[in-house]
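Coordinates in review
What follows is the residue order along each chain.
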Protein chains: 2
Amino acid sequence: MSESREQVQEQIKVQGEVVRKLKAAKEAKEKIDEEVAKLLKLKAKLSDNESATPQKFTLKTPKGTRDYNPDQMSLRLSVLNKVIEVFKKHGADTIDTPVFELKEVLTGKYGEDSKLIYDLKDQGGEILSMRYDLTVPLARYIAMNKVSSIKRYHIAKVYRRDNPAMTKGRYREFYQCDFDIAGTYDPMLPDAECVKVVSEILSSLNIGDFVVKLNHRKLLDGMFEACDVPQDKFRTICSAVDKLDKVSWADVKKEMIDEKGLDEKSADKIGEYVRLSGGEELVEKLLNDEKLKNVKSAVQGLEDMKLLLKYCNIFGIKNQVRFDLSLARGLDYYTGVIYEAVLLGDEKDRKKGEETIGSVAGGGRYDNLVGMFDTKGKQVPCVGVSIGVERVFAILESKNAASKTKIRSSEIQVYVASAHKGLQEKRLELLSKLWDGGIKAEHSYKSNPKLLVQLQYCEEQQIPFALVLGDSELERGIVKFRDVLTRKEQELPIDNLVEAIKWNLSNKGY
Amino acid sequence: MSESREQVQEQIKVQGEVVRKLKAAKEAKEKIDEEVAKLLKLKAKLSDNESATPQKFTLKTPKGTRDYNPDQMSLRLSVLNKVIEVFKKHGADTIDTPVFELKEVLTGKYGEDSKLIYDLKDQGGEILSMRYDLTVPLARYIAMNKVSSIKRYHIAKVYRRDNPAMTKGRYREFYQCDFDIAGTYDPMLPDAECVKVVSEILSSLNIGDFVVKLNHRKLLDGMFEACDVPQDKFRTICSAVDKLDKVSWADVKKEMIDEKGLDEKSADKIGEYVRLSGGEELVEKLLNDEKLKNVKSAVQGLEDMKLLLKYCNIFGIKNQVRFDLSLARGLDYYTGVIYEAVLLGDEKDRKKGEETIGSVAGGGRYDNLVGMFDTKGKQVPCVGVSIGVERVFAILESKNAASKTKIRSSEIQVYVASAHKGLQEKRLELLSKLWDGGIKAEHSYKSNPKLLVQLQYCEEQQIPFALVLGDSELERGIVKFRDVLTRKEQELPIDNLVEAIKWNLSNKGY
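Notes on the structure in this doc start here. On a predicted model such as this, the values are computed, not experimentally measured, just so you know. (Residues numbered from 1 in each chain as written. Chains lettered and ligands numbered in written order. Predicted model: local features only at pLDDT ≥ 70, side-chain atom pairs only at ≥ 80, totals over all residues. Heavy atoms only, no water.)

For interface size, the figure often reported is the accessible area lost on association. Taken together, the contact pairs 119 residues of chain B with 120 residues of chain A. When chain B packs against chain A, the two sides together hide about 10,500 Å² of surface, and 62% of this comes from carbon and sulfur. Together, Lys 89, Trp 435 and Tyr 445 of chain B form the three largest contributors to the area buried by chain B at its contact with chain A, with a combined 8%. Connecting chain B to chain A are 16 salt bridges. (Contact = heavy atoms within 4.5 Å. Buried area = accessible area lost by both parts, 1.4 Å probe. Salt bridge = Lys/Arg side-chain N within 4 Å of Asp/Glu carboxyl O.)

Given below as structure tokens:
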């Protein structure tokens, strides 16, 4: 990158010019902003007399976002608990980072996708952007806290100003669920564990058969080199290849030639490679490939793949992985192995030419990202995977809808009911006893509710038991304990009510 | 609000004018944006050769925010689990809403605090703001989904551009932890349950003695009326009273007179009332107060308080609540009972004149908020409390620091070690067996680690057991199972290794 003195001076001159123009533009914008602010104020004043009446704007969540209702949340929490169990089984801790970062932290990490980043308004102070993923914040965390090694999971929402396709489960606010291993270790050991983690998670969620596609960034680069792609076109050609899971090779080739200015011969060579997929035998074949075997980075990538496939073998997941040269993944920061898990159902759809929603998991190795944040450029190698939980939620929700499974979101064990009027205070007294005894209980918020209404509520809400208070029983120091389903009733002594109820609950498996 | 035909026409004319100017301004801005974009691209190209070098800006999280490391997270999760247990005991579901809302949703809900709202940059499309609390989003959710009743908890981060005081645990991004009951019910029943929930939670966290202060928005308004405060000054005077937990009466009085333009006589009358606090007897006393008993809203408020205190009595938390006329709470949307729980330690500090960090829980009734979002103004009465979990985290962290309690964030049960070189593949094979058997296990990411190093790691990480592989044992079909603490070893058969380990784990209470 050394340049002649003239070039540098020229650059400095142009830079100065640019800065001057930017300043001028900024000032112009500020003036306009002021004017607009004034006008808006005026507008507001004019419509002040509306502010008392109920609001006029259409009530909605921001474009590409949504609320989760109690049923959706209990499904989500049950899925996330299964995922977390696997993460913990592999010794992962969890951390949390702010939902926004200094804009500078995110710049230059996402290549062509950077335009999708949400920025916050400059309200005086720092310039902030919403996190785009959980990987860059992790790298920032590692560099900032001088962490030399960490195995962590992080489940949180990320933000992308993408074109939402709710029907396909693509949103602008969505959960990411990441597992990463940072530290300097022997080749492919953490990488293989990530594949194992993906396989364990996807198996535990019973969302159907899946395959984890594997490829290597160095092999891709070596392949591009072998296909005479100019160095400065590697990244953009790579993100073209990345689209192969959504569009046909013909379209990708067209993009390479027409949009990215690649010559047809190179494109065709690439086309031959990206058709290939298989296992250890394919690695061997490519190690002997006339074009590739003379490209250093290609050979490095293939050696890594060889080791990774061997470890996957030992981990007993040979049949769940596939070495696939069409797997690219657009993100700039990958430096080694890359993964993507797809449901086999999707594969069929893809052959049928239908667009699929996307992968259920993906990730890879990014050894240089932390170094971008370290003032001395100190590197901490990282590898990780992200579980596409939103996709999993969507699949399970449609499954439940199909099977008409009714999820019970509340966990109430006992409903405290009264058989007739005038028992409210006694009801509250016993209810309080149950709560203090750790029993999940509720009651009607009516002072004198009808017994039938209370019992119907129990049945609708699938509350297993009801405590029914009545004067005659209370005089005898007992209350009725009713099994809502069988409608069988027994008498429990008020003196040690909590113990008696707990005994019944555990007996009946609650 | 009826206006003359001329006024309306005039407004329409001006409105049109405003809209036209706004359009023009928008277009002008867009032109500039384009130019700026071009210039920035050029600038970027010029400085491309810098992008390789490590970043220059100081690495930090945005002002008023922070990362949570694994130890902090495991403390947080354990606290939140206790809190959630109580919420579930009372039959609460959970929901989730987007982290940002249409700006219009938040406008006019927070009175003087609105200036603290984070806005997103206008990148074309909707104007968005970060949520300021979880209450307004809940009201929006209820109105939008036409929910008539819901009991929900919501734990999520909220955003306020406040002056951060990290030492006091005040951040710009922080967790809120809310429990709300929405629906039309008999007086004070949900309100009393909220107090009970607060009491159960604070008791379960063992952060010291506390008191839940109770007051009523209607009583406050009635009190202001009785003290001859002009109607249009109620809110602003209320938010002055709200500061009494941080500053002295003298300062509050000064603010009322100098800043809010209240006359001294009214201020002094208020001063007499806000000194009062007590229980049911105070309610009786105020019901007979010459000034108050003739003010309708004051009497309504007092009748509510009477009932609330009675229910708290039945719930067995009489000694944990206190009717306190100095409790105001600034937020505009409260309409009835208001709560605030403070640690008694703080009370002492306050008497000593030290500023305290704030309450550990607070909330109240807001019956008109949902109606503000319903196109027909349909109301859904709500009452709720927010647990100040950030404050709780801070207290427990300093406790742990003082007692030098070491939190163990990882849950690994078994570490798979090798006694000598050349065992890597066998190690991976057994490790995989353990994972597939549901045992939390890890190993060294070195191909040939030293045994001593591996065992030291187990002791540092407080991993209870180690599986030690050696050729001689492997030949005999067994492996050593080592208790890391006692260093006692026993032999386990490889054939049913998982069962043998599980048996040992449960025997030793893991």
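All right, on to the pattern of salt bridges then. According to the stated counting rule, one finds 76 salt bridges over all chains in the structure shown. Among the salt bridges present, the one from Lys 103 of chain B reaches Asp 119 of chain B, with a minimum N-O distance of 2.9 Å. Here Lys 103 of chain B is found in helix H3 (residues 103-106), whereas its partner Asp 119 of chain B is found in the loop between H3 and strand E3 (128-130), with 16 residues between them in sequence. Overlapping salt bridges, with partners in common, bring together Glu 473, Lys 480, Arg 482 and Glu 489 of chain A in one network. (Helix = DSSP H or I, 4+ residues; strand = E, 2+ residues; numbered from the N terminus.)

For the rest of this paragraph, the subject is unusual backbone geometry. Residue and element names in this part refer to chain B. Positive phi outside glycine occurs at Asp 228, with the angle close to 60 degrees. You can see Asp 228 is positioned in the loop between helix H6 (217-226) and helix H7 (234-241). In this model, Arg 487 sits at a positive phi of 65 degrees, which is unusual for a non-glycine residue.

Residue and element names in this part refer to chain B. Strand order in the open sheet formed by five strands is E13-E12-E14-E15-E16, and the pairing between neighbours is mixed. Looking at the sheet topology across the chains shown, the edges are occupied by strand E13 (441-443) and strand E16 (489-493). Averaged over all pairs of adjacent strands, the angle between their axes in this sheet comes to 30 degrees, without regard to strand direction. Pairing of strand E12 (residues 414-418) with strand E14 (residues 465-469), which is carried by five bridges, proceeds in the parallel orientation. Within E14, the residue paired with Tyr 415 across the bridge is Ala 466. (Pairing = 2+ DSSP bridges. Axes fitted to C-alpha atoms, helices over the stretch in contact; angles between N-to-C directions.)

With that settled, consider the packing of H6 of chain B against H7 of chain B. Two measures define how a pair of helices packs: the angle their axes make with one another and the distance between the axes. Residues and elements named next belong to chain B. Between H6 and H7, the least distance of the axes is 11 Å, while the angle of their chain directions is 110 degrees. Classified by the angle between their axes, H6 and H7 sit roughly perpendicular to one another. On H7, the residues that touch Arg 217, Leu 220, Asp 221, Phe 224 and Glu 225 of H6 are Phe 234, Arg 235, Ile 237, Cys 238 and Val 241. Of the residues that constitute the contact of H6 with H7, the class distribution is six nonpolar, no polar and four charged. (Parallel < 35°, antiparallel > 145°, perpendicular 65-115°, else oblique. Nonpolar A, V, L, I, M, F, W, Y, C, P; charged D, E, K, R; others polar.)

Before going further, it helps to spend a moment on the relation of the copies chain B and chain A. With an RMSD of 1.5 Å, the fit of chain B onto chain A corresponds to turning through 180 degrees and sliding 0.4 Å along the axis. Considering both components of the superposition, the chain copies are consistent with a two-fold axis. Of the C-alpha atoms belonging to chain B, the one lying closest to the rotation axis is found on Lys 121 of chain B, 1.4 Å away. Taken together, the interface assignments show that 100% of the residues at the interface of chain B recur at the interface of chain A, consistent with an identical surface on both copies. (Least-squares fit on C-alpha atoms with pLDDT ≥ 70 in both.)

Take the pairing of strand E5 (residues 173-182) of chain B next. Residues and elements named next belong to chain B. Most of E5 sits inside the fold, with 10 of its 10 residues counted as buried. Residues Glu 173, Tyr 175, Cys 177, Phe 179 and Ile 181 point to one face of E5 and Phe 174, Gln 176, Asp 178, Asp 180 and Ala 182 to the other, with burial holding for every one of them. By the bridge criterion, five bridges tie E5 to strand E11 (residues 382-387) in an arrangement that is antiparallel. Directly across from Ala 182, in E11, lies its bridge partner Cys 382. (Buried < 20%, exposed > 50% of the residue type's maximum accessible area, 1.4 Å probe, protein only.)

Below, the discussion takes up the sheet that holds E5 of chain B. All names here are of chain B. Here nine strands make up an open sheet; going across it, the order is E1-E4-E5-E11-E10-E9-E6-E8-E7 and the pairing mixed. At either margin of the open sheet sits one strand with a lone partner, and together these are strand E1 (93-94) and strand E7 (277-278). Bridge analysis of strand E10 (residues 361-365) against E11 gives five bridges, and the strand direction is antiparallel. Residue Gly 364 lies in a different strand from E11, and its bridge partner there is Gly 384. Where helix H13 (residues 389-403) meets the sheet, it contacts E5, strand E9 (337-343) and E11, and its direction lies at approximately 125 degrees from that of E5.

On to the nonpolar core, then. Ile 270 of chain A together with Ile 270 of chain B are the most contacted members of the largest nonpolar core, which has 288 residues in total. Leaving out residues up to four positions away in the same chain, Ile 270 of chain A has contacts with Met 223, Phe 224, Cys 227, Val 229, Ile 237, Val 241, Trp 249, Met 256 and Leu 262 of chain A. The next biggest cluster of nonpolar side chains, apart from the first, holds nine residues, and it includes Ile 412, Tyr 415, Cys 458 and Ile 463 of chain A. (Core = buried A, V, L, I, M, F, W, Y, C linked by side-chain atoms within 4.5 Å.)

Time to look at helix H9 (residues 264-274) of chain A. Residues and elements named next belong to chain A. Every buried residue of H9 is listed here: Ser 266, Ala 267, Lys 269, Ile 270, Gly 271, Tyr 273 and Val 274. On its buried face, H9 sits against helix H6 (217-226), helix H7 (234-241), helix H8 (249-259) and helix H10 (280-287). Measuring from the side-chain oxygen of the N-cap residue of H9 to the backbone nitrogen of Lys 265 gives 3.2 Å; that N-cap residue is Asp 263. (Polar contact = N/O pair within 3.5 Å; in protein donor to acceptor, adjacent residues only side chain to side chain.)

Turning next to the side chain of Arg 482 of chain A. All names here are of chain A. Relative to the elements of secondary structure, Arg 482 occurs in strand E15 (residues 478-483). Under the relative-accessibility criterion, Arg 482 is labelled buried at 14%. A polar side-chain atom of Arg 482 sits 3.3 Å from a polar atom in the side chain of Glu 489. In this view, Arg 482 contacts Leu 455, Pro 464, Phe 465, Ala 466, Val 468, Arg 487, Lys 488 and Glu 489; residues no more than four positions away in its chain are not counted.

With relative accessibility at 8%, the residue Asp 119 of chain A sits in the buried group. As for Asp 119 of chain A and Arg 161 of chain A, which are separated by 42 residues in sequence, their C-alpha atoms are 9.9 Å apart. The residues contacting Asp 119 of chain A, other than those within four sequence positions of it, are Lys 103, Leu 128 and Ser 129 of chain A together with Leu 120, Lys 121 and Gln 123 of chain B.

All names here are of chain A. At a minimum axis separation of 9 Å, helix H5 (residues 189-204) and helix H11 (residues 296-314) run at an interaxial angle of 50 degrees. Classified by the angle their axes make, H5 and H11 are oblique. The interaxial crossing formed by H5 with H11 has right-handed handedness. Contacts from Leu 189, Asp 191, Ala 192 and Val 195 of H5 reach H11 at Leu 308, Tyr 311 and Cys 312. Residue composition of the contact of H5 with H11, grouped by class: six nonpolar, no polar and one charged. (Left-handed = near helix turned anticlockwise from the far one by under 90°.)

All right, on to helix H11 (residues 296-314) of chain B then. If you check H11 of chain B, its first and last C-alpha atoms are 28 Å apart, about what 19 residues at 1.5 Å a residue would give, namely 27 Å. For H11 of chain B, every residue scored as buried is listed here: Ser 297, Ala 298, Gly 301, Leu 302, Met 305, Leu 308, Leu 309, Tyr 311 and Cys 312 of chain B. (Expected span 1.5 Å × (residues − 1).)

What follows concerns the pairing of strand E15 (residues 478-483) of chain B. All names here are of chain B. The element E15 is largely enclosed, with a buried count of five among its six residues. With four bridges joining them, E14 and E15 adopt antiparallel strand pairing. The partner of Leu 467 across the bridge, within E15, is Phe 481. Pairing between E15 and E16: five bridges, direction antiparallel. By the bridge assignment for E16, Val 479 is matched with Leu 492. A loop of five residues connects E15 with E16, the two strands running antiparallel in sequence, and Arg 487 in this loop sits at a positive phi of about 65 degrees.

Let us look at the packing of aromatic side chains. In the structure shown here, the tally under the stated rule is 32 aromatic pairs over all chains. On the basis of an interplanar angle of 50 degrees and a centroid distance of 5.8 Å, the ring pair of Phe 224 of chain B and Phe 234 of chain B is categorised as tilted. Taken as a pair, Phe 224 of chain B in helix H6 and Phe 234 of chain B in helix H7 lie far apart in primary sequence, 10 residues in all. Here Phe 224 of chain B and Phe 234 of chain B have matching classes, each one buried. In this structure an aromatic cluster arises from ring pairing among Tyr 110, Tyr 132, Tyr 333, Tyr 334 and Tyr 366 of chain A. For the cation-ring pair, Arg 160 of chain A lies above Tyr 132 of chain A, with the distance from its terminal atom to the ring centre recorded as 4.0 Å. Positioned above the aromatic ring of Tyr 118 of chain A is the side chain of Arg 161 of chain A, whose terminal nitrogen or guanidinium carbon lies 5.9 Å from the ring centre. (Phe/Tyr/Trp six-rings, centres within 6.5 Å; stacked < 30°, edge-to-face > 60°. Lys NZ or Arg CZ within 6 Å of the ring centre and 35° of its normal.)

Within the secondary structure, Phe 465 of chain A is located in strand E14 (residues 465-469). Setting aside chain neighbours within four positions, we find Phe 465 of chain A in contact with Gln 413, Val 414, Tyr 415, Phe 481, Arg 482, Asp 483, Val 484, Leu 505, Lys 508 and Tyr 510 of chain A.

Just distances and angles here, no functional claims.
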